[in-house]
Amino acid sequence: TAEMAELVSNADIALYSAKSRGKSIAVEFQSEMTAEAQRRARIEAELRKALEQDGLDIVYQPQFDCLSGRLLGAEALVRWTHPTEGPILPAEFVPIAENSDLIVALGRWVLWRACRDAANWNAGTNAGVHVAVNISARQLRTEGFTDEVCTALKKSGLPASLLELELTESQLMSNMSVGIQAMQELRAAGVRLSLDDFGTGYSSLSYLQSFPVHSIKIDRSFICPLPNGGQPIVTAIISMAHSFGLLVVAEGVEYPAQLEWLCDARCDVVQGFLTGRPMRLEQLLAIIRAEEEQKDTRSRTPVAPRPHRVPTA
Ligand code: C2E
Ligand code: MG
Ligand code: MG
């Protein structure tokens, strides 16, 4: 029966590998997979510990209005520095957390911290700089998720309109009806919703119509070839989203020529290394303060919209 247990365990490992490669794929067990599975199990245990011991962090990446260059909001991105391995990317540990209930606890921690931070950065200003939080499908499907969001808003004092939740289409597809119901509840509570990594899933017209979102974020893979390639698809996405009354955010803008092309193409919001890397809260606060000062001078002496800042870091 030790053999039996091993067989089941190996099958499970191969299943994980198959799942991480997509749907309808068969994967044969390879012995190297055991080492990967052990690493995943270790990462999961250590991440759980980090979460309990307040060992995680959030960085914020600014989002700017294409027309005015104004700061509109910031996306909260979780960070983890492992005690011996150093920084581990969300691309590695978020999928591991998503494979268990750990993502629910992790997501809850990010949500509460992000609401608190955004309530603070909006205190004493009327700029209304929103915070965007990534929500995993498992979290969205948790019983009482909307109540939890409302409690986090109330306890932090952040207005619902300044919270945006980012969902991905592929995750919503796994259980459409539950997902859409939760989205409708959140929308009714005044929270904004956006469709992250847009274009990488099925992105069919009927989904755009049935998901009650306010905005879509065009995936970085479509922004990357701009401005010399890939224009037709981005033009089409922007015009399609606009005809549904949705705002368009471009992710992963790295070069001035991309920014210029996107602004000309009527993209609404940009987020990327060009306009601001994910940064510590203090750095974001400095940008918010600078915007406030700009606004003060602007109200006295009208000036043309300021061009996007190019990061110094
Ligand atoms: P995402 O939500 O699509 O976040 C955007 C990712 O693109 C971030 O990676 C960001 O650092 C990166 N990025 C932004 N601008 C640029 C650019 O100009 N060039 C390039 N090359 N990359 C850019 P990050 O922080 O490593 O996060 C990766 C993913 O992990 C996120 O993708 C999101 O799906 C997930 N994630 C991060 N934090 C959380 C969280 O708190 N909860 C959940 N459920 N997922 C999270
Ligand atoms: Mg996101
Ligand atoms: Mg994305």
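Just so we're clear, the structure is a prediction, and the values are computed from it rather than from any experiment. (Residues numbered from 1 in each chain as written. Chains lettered and ligands numbered in written order. Predicted model: local features only at pLDDT ≥ 70, side-chain atom pairs only at ≥ 80, totals over all residues. Heavy atoms only, no water.)

Regarding the environment of Ala137
Put simply, the rule reads: Secondary structure elements are taken from DSSP: a helix is a run of H or I of four residues or more, a strand is a run of E of two residues or more, and numbering for both begins at the N terminus.
Assignment of secondary structure puts Ala137 in helix H5 (residues 137-140). Distance in space between the C-alpha atoms of Ala137 and Glu169 is 9.4 Å, their sequence separation being 32 residues.

Overview of the coordination of the magnesium ion (ligand 2)
Note the threshold: The rule for donors is simple: an N, O or S atom within 2.8 Å of the metal counts, and for Na, K and Ca the reach is 3.2 Å. Water is not among the atoms, so a site may look short of donors. Burial here depends on accessible area, computed with a 1.4 Å probe over protein chains only, as a share of the maximum for the residue type. Under 20% is buried, over 50% is exposed, and the range in between is partly exposed.
Every protein donor of the magnesium ion (ligand 2) is listed here as Glu75 (OE), Asn134 (OD1), Glu166 (OE) and Asp196 (OD), and their distances to the metal cover 2.0 to 2.2 Å. Read in sequence order, the donor residues for the magnesium ion (ligand 2) give the motif E-x58-N-x31-E-x29-D. Separating the magnesium ion (ligand 2) from the magnesium ion (ligand 3) is a gap of 4.2 Å, bridged by Asp196, which donates to each. Residue Asn134 is located in strand S4 (residues 130-134), and its partner Asp196 is located in strand S6 (residues 192-198); the two are separated by 62 residues in the primary sequence. Overall, the relative accessible area of 30% leaves Asn134 in the partly exposed class.

Structural notes on the coordination of the magnesium ion (ligand 3)
Donor atoms from the polypeptide that bind the magnesium ion (ligand 3) are Asp196 (OD), Asp197 (OD), Glu251 (OE) and Glu251 (OE), placed at 2.0 to 2.5 Å. Counting the intervening residues between successive donors of the magnesium ion (ligand 3) yields the motif D-D-x53-E. The class of Glu251 is buried, set by a relative accessible area of 12%.

Description of the pattern of salt bridges
Put simply, the rule reads: Salt bridges are counted wherever a side-chain nitrogen of Lys or Arg sits within 4 Å of a carboxyl oxygen of Asp or Glu.
This structure, assessed with the given rule, holds 14 salt bridges. Two residues, Arg113 and Asp54, come together in a salt bridge whose shortest N-O distance is 3.8 Å. One end of the pair, Arg113, is in helix H4 (residues 102-122); the other, Asp54, is in the loop between helix H2 (32-52) and strand S1 (56-65), with 59 residues separating them in the sequence. According to the relative accessible area criterion, Asp54 is partly exposed, its value standing at 49%. Where Glu166 meets Lys217, a salt bridge forms, and the shortest distance between an N and an O atom there is 2.6 Å. Placement of Glu166 in strand S5 (residues 163-168) and of Lys217 in strand S7 (residues 215-218) is noted, with a sequence separation of 51 residues between them.

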